[in-house]
Amino acid sequence: PAIESKRLRIGMQKSGRLSIESQALLSSCGLKINLREQRLIAHVENMPIDILRVRDDDIPGLVMDGVCDLGIIGENVLEEVSLQRQIDNESADYEVLARLDFGGCRLSIAVPQEEQYQGVSSLEGKTIATTYPRLLTRYLKQQGVNARVVMLTGSVEVAPRAGLADAICDLVSTGATLEANGLKEAEVIYRSKAVLIQRKGLADAQHQKLIAKLMPRIQGVMQANE
Ligand code: ATP
Ligand code: ZN
């Protein structure tokens, strides 16, 4: 039997802060995506492409394991997963094809408003709650600070009030959430945007051709948005 030419697979967030703009970017590049049905896989009608709609946390691994050829993901998640996979001796290879013009945010350490914060040394011996333990641990190591890192996947901003931690390390865009929880931003440890990534060693000639066709369109869409 003839080998079926496989469709290019792009992983993107199903619903959340990156999903609307990820969809809009692909639509602007001419992909006709039928997203009406709440399916995991959406077929692109006019190109040999499938869209995998998943949680953002799964996207780096899907690309690094070769399940998806491309992915749209926040650098914060990409870097966190990458660091964790290196520790676990799992493949952590990828290539960044483009830094996109959405999903901008910063990963910051925040402390209670009433605290007299006097620089990173104020964090010595403290407990810090975060969803990004690897990024935070790397930062603390670089700064020579010994602090305890506690992993929380949700409600990080309430951890200090709940007595679970002295400080937090969480994503910030306006700072309103911090303020509402009695916290103030103390250190920015990572600045993030959404990126388009490709799996390393993509060999399929048809896939490469398709990507070569899409890239100038993506650049064009971003220039038009400037
Ligand atoms: P999922 O259900 O897919 O796991 P999530 O709740 O983990 O979603 P979102 O809150 O939708 O994730 O955020 C996705 C990404 O959007 C973040 O990882 C980050 O890169 C980016 N982002 C941009 N601005 C913000 C912000 N103010 N707060 C949080 N994330 C932001
Ligand atoms: Zn997530």
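For clarity, every value in this text was computed on a predicted model and none was experimentally measured. (Residues numbered from 1 in each chain as written. Chains lettered and ligands numbered in written order. Predicted model: local features only at pLDDT ≥ 70, side-chain atom pairs only at ≥ 80, totals over all residues.)

## With respect to the overall build of the protein chain
What the protein chain contains, in helices and strands, is six helices and eleven strands. When the 226 residues of the protein chain are sorted by exposure, 33% land in the buried category. Restricting the contact set of the protein chain to residue pairs at least 6 apart, pairs at least 24 apart contribute 65%. (Helix = DSSP H or I, 4+ residues; strand = E, 2+ residues; numbered from the N terminus. Buried ≥ 20, exposed ≤ 12 C-beta atoms within 10 Å, placed from the backbone. Contact = placed C-beta atoms within 7 Å.)

## As for the sheet that holds strand E11 (residues 194–198)
Taken together, six strands build an open sheet; the order of strands is E2-E3-E1-E4-E11-E5 and the sheet is mixed. Either end of the sheet is taken by a strand with one partner, and the two such strands are strand E2 (41–43) and strand E5 (95–99). Neighbour-to-neighbour, the strand axes of this sheet turn through a mean angle of 25°, independent of strand direction. As judged from the two bridges shared by strand E1 (residues 8–13) and strand E4 (residues 70–74), these two strands associate in the parallel manner. Across the sheet, Ile10 pairs through a bridge with Leu70, a residue of E4. Packing of helix H3 (residues 75–87) onto the sheet brings it into contact with E4 and E11, and relative to E4 it is tilted by some 105°. (Pairing = 2+ DSSP bridges. Axes fitted to C-alpha atoms, helices over the stretch in contact; angles between N-to-C directions.)

## Structural notes on helix H1 (residues 19–28)
Inspection of H1 places Ser22, Leu25 and Leu26 among the buried residues, and these make up the whole buried set. One side of H1 holds all its buried residues, which, seen down the axis, span an arc of 95°. Elements that come into contact with the buried residues of H1 comprise E1, E4 and helix H6 (205–225). Positive phi shows up at Gly30, right after H1, with a value of about 100°. (Arc of directions from axis to C-beta.)

## Focus: the site of ligand 1
Residues in contact with ligand 1 amount to 15 residues; listed here are only the nearest, Gly16, Arg17, Gly74, Cys105 and Ser173. A class-by-class count of the residues in the shell around ligand 1 yields four nonpolar, seven polar and four charged. When residues of the shell around ligand 1 are assigned to domains, at least three fall in each of domain 1 (8–103 + 193–225) and domain 2 (105–192). (Near = placed C-beta within 6 Å. Nonpolar A, V, L, I, M, F, W, Y, C, P; charged D, E, K, R; others polar. Domains from an automatic or database assignment.)

## Focus: the domain arrangement of the protein chain
Accessible area lost when the parts come together is the quantity often used to give the size of an interface. Along its sequence, the protein chain is organised into domain 1 (8–103 + 193–225) and domain 2 (105–192). Relative to domain 2, the C-alpha centre of domain 1 lies at a distance of 29 Å. The class makeup of the residues in the side of domain 1 that touches domain 2 is one nonpolar, four polar and four charged.

## Points about unusual backbone geometry
A positive phi angle, near 60°, is found at Asn89, a position not held by glycine. With respect to the helices and strands, the residue Asn89 is situated in the loop between H3 and E5. Residue Asn89 is classed as exposed on the basis of its C-beta count, with 7 C-beta atoms lying within 10 Å. Even without being a glycine, Ser155 presents a positive backbone phi close to 50°. Take Ser155: it is sitting in the loop between strand E8 (148–151) and strand E9 (167–172). Take Ser155: there are 12 C-beta atoms within 10 Å of it, and that puts it in the exposed class.

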